[in-house]
Amino acid sequence: GKPLPSGLGALTETPGTFGFALVLAVSLVLELFVWKDVTDEETDSFKKEPGNFGDPLGLGQYDMEWRNREINNGRMAMVAATGIIVAELVTGKDAVEQLGL
């Protein structure tokens, strides 16, 4: 068959639409059923603040400085992704084409 268009155009073609719907469905299940907020029964407040995944490997590196770094990195990634999408919508070129490669 014909190749899929690059960038956001892939979302409008049949295999790309199915893949995007699958990613959304998996995200929905994870957000609603797996990554639940745990509340404290006594105070009826959340035990953890947003972005607090603790120290899953037990390296003893989780503190407020690392938490703030992680949250800021996530924010910067969202800004970068938004910039790439907006630039593609304005120029009609995907991210790699915008680099001139």
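Residues numbered from 1 in each chain as written. Predicted model: local features only at pLDDT ≥ 70, side-chain atom pairs only at ≥ 80, totals over all residues. Heavy atoms only, no water.

> Pulling in residues and values, what's your account of the pattern of salt bridges?
On inspection of all chains with the given rule, the structure shows two salt bridges. With a shortest N-O distance of 4.0 Å, Glu 13 and Lys 2 are connected by a salt bridge. Note that Glu 13 is positioned in the segment before helix H1 (14-34) and Lys 2 in the segment before H1, a separation of 11 residues in sequence. With a relative accessible area of 25%, Glu 13 lands in the partly exposed category. (Salt bridge = Lys/Arg side-chain N within 4 Å of Asp/Glu carboxyl O. Helix = DSSP H or I, 4+ residues; strand = E, 2+ residues; numbered from the N terminus. Buried < 20%, exposed > 50% of the residue type's maximum accessible area, 1.4 Å probe, protein only.)

> So, helix H2 (residues 64-91): which residues are in play, and what are the values?
Taking 1.5 Å of rise per residue, the 28 residues of H2 would be expected to cover 40 Å, and the 40 Å separating its terminal C-alpha atoms lies within 8% of that figure. Phi turns positive, to about 80°, at Gly 92, one or two residues after H2. (Expected span 1.5 Å × (residues − 1).)

> Please give an account of a nonpolar patch on the surface that cites residues and values.
A contiguous nonpolar surface patch, about 640 Å² in accessible area, is contributed by Leu 28, Val 29, Leu 32, Phe 33, Val 34 and Trp 35. On the secondary structure map, Trp 35 appears in the loop between H1 and strand E1 (39-40). (Patch = residues over 30% accessible without salt bridge, like charges linked within 9 Å, V, L, I, M, F, W, Y side chains within 5 Å. Areas by Shrake-Rupley, 256 points an atom, 1.4 Å probe, with all protein chains shown as cover.)

> Requested: an account of the packing of aromatic side chains, with residues and values cited.
One pass over the full model with this rule turns up zero aromatic pairs. The ring of Trp 66 carries Arg 69 above its face, with NZ or CZ at 4.8 Å from the centroid. (Phe/Tyr/Trp six-rings, centres within 6.5 Å; stacked < 30°, edge-to-face > 60°. Lys NZ or Arg CZ within 6 Å of the ring centre and 35° of its normal.)

Distances and angles like these do not, on their own, reveal function.
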